[in-house]
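Residue-level listing of the chains:
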Amino acid sequence: MGCGGCRVRLNFGKVLSKVSVFLTMVLIFTYFFYCLTGLCDSAPRTLYSQQGADGGDDNVDDRSQVLVDLRSPPPHHFGAQRQLHKRTASPDALQVDAEQQLQQQQYDQGSKKETNSIPVSNTYGTKKLPNAIIIGVKKGGTRALLEFLRIHPDVRAFGAEPHFFDRFYDRGLEWYRNLMPRTLDGQITMEKTPSYFVTKEAPSRLCTMNCHTKLIVVVRDPVTRAVSDYTQTLTKNPGLPSFQSLALKNSSTGPVDSTWSAVRIGLYAKHLENWLQYFPLSHFLFVSGERLVSDPAGEMGRVQDFLGLKRVISDKHFYFNQTKGFPCLKKPEGSSRPRCLGKSKGRPHPQIPSEVLQRLRDFYRPFNQRFYQMSGQDFGWD
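Residues numbered from 1 in each chain as written. Predicted model: local features only at pLDDT ≥ 70, side-chain atom pairs only at ≥ 80, totals over all residues. Heavy atoms only, no water.

- Looking at an unreviewed UniProt entry, one finds the chain named Sulfotransferase, with Xiphophorus maculatus as its source organism.
- Turning to the chain, the UniProt record has this under Sequence similarities (unreviewed entry): "Belongs to the sulfotransferase 1 family." (UniProt positions renumbered as here; feature names shortened; annotations may be inferred.)

Here's what the structure looks like:
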């Protein structure tokens, strides 16, 4: 009986040993199977993407956290624009509120985008301060220009508007640099914030960063631009007063009210005078918003030359959308389908009395002529 019990224990031990070997082989086989399918290292990669190689911000290229910071404005948020509104009537307050809502939407959209076809989590290259900036003007065609430029393989651009030189300057250049996408040698870093052009402090601040930065200004007939600006605000605040009551003092009987931001932005000569105190004219390229619609390839050729880029963007990249009334990309970078800009582009404008539009044209005429002389270009708005 004693020996029989030993045999039972011995056989049971052998069974346990075989089961252990079998389970070990199953675990090893499962591990190799997961490795072959690329799943075994997903956790380490996730950890690396969150912390970076040395735990520093430079190794994290995730714009979502940056956009969270952007949505938390400092106390002086929109302060520069409020200085442009000397009247305290509710229409201007409504317009500022609408602009804030629009910027929030732009940041939300920017957080979902990737610059060119390179993933947001890309860790190749380095983050650099911009070589070139689209500084203006609002409702001139800056978004179209930036999207067209992003077709070029040597251009890397931040999708949202960082507003560093007008709203978030106190956060410092390092914060600004960390917003930018990573670039390789030979690539250009860009951003666009149209409000820079009309912000008094922006030129000196930008020059403090780099007085050799290339500056692009997209301009458009100031009367049409003002109506477009008003239309954008009206979509957010349907109860906004009429265009003419905002554009003219004392309703339709008074002079043009240049303190209203929609009118003031169109005083291109005055804003350019401020910039020319810090940057030579050779550092500017003035892009026609009208020609960007009628001849996008031609205008993009000028832009590529100005930036020192090979002419890659051409007629083959565009087609004209009859419904929207402006060009769309046949095949944007990273996509196999044509794409137009968002619903906010190509909105129908409200009917404005012809006498109001004529008064605005008369008001802008001397400023336009001065701007033609300063820029060396006749945009034909008169």
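## Quick notes on the packing of aromatic side chains
- Here the structure, examined in full by the defined rule, presents 26 aromatic pairs.
- Centroid distance Phe279 to Phe284: 6.5 Å. Interplanar angle 85°. Geometry classified as edge-to-face.
- Phe284 gets classed as buried once you look at its relative accessible area, which sits at 6%.
- One aromatic cluster is present, formed by Tyr268, Trp275, Phe279, Phe284, Phe286, Phe371, Tyr372, Phe379 and Trp381 through successive ring pairs.
- The positively charged end of Lys214 is found above the aromatic ring belonging to Phe306, 5.5 Å away from the centroid. (Phe/Tyr/Trp six-rings, centres within 6.5 Å; stacked < 30°, edge-to-face > 60°. Buried < 20%, exposed > 50% of the residue type's maximum accessible area, 1.4 Å probe, protein only. Lys NZ or Arg CZ within 6 Å of the ring centre and 35° of its normal.)

## Quick look at unusual backbone geometry
- Cis geometry is adopted by the peptide bond preceding Val137, which originates at Gly136 and carries an omega value of -5°.
- Here Val137 is to be found in the loop between strand 2 (132–136) and helix 6 (142–149).
- Positive phi, normally seen in glycine, also occurs at Lys139, with a value near 60°.
- By the element assignment, Lys139 lies in the loop between strand 2 and helix 6.
- Although it is not a glycine, His163 sits at a positive phi angle of roughly 55°. (Helix = DSSP H or I, 4+ residues; strand = E, 2+ residues; numbered from the N terminus.)

## Thoughts on the state of the cysteines
- Throughout the structure, instances matching the rule amount to one disulfide.
- Through a disulfide, Cys207 is tied to Cys211; the S-S separation comes to 1.7 Å. In this structure, the disulfide formed by Cys207 and Cys211 twists by about 80° around the S-S bond and is classed as right-handed.
- With relative accessibility at 29%, the residue Cys211 sits in the partly exposed group. (Disulfide = S-S within 2.5 Å.)

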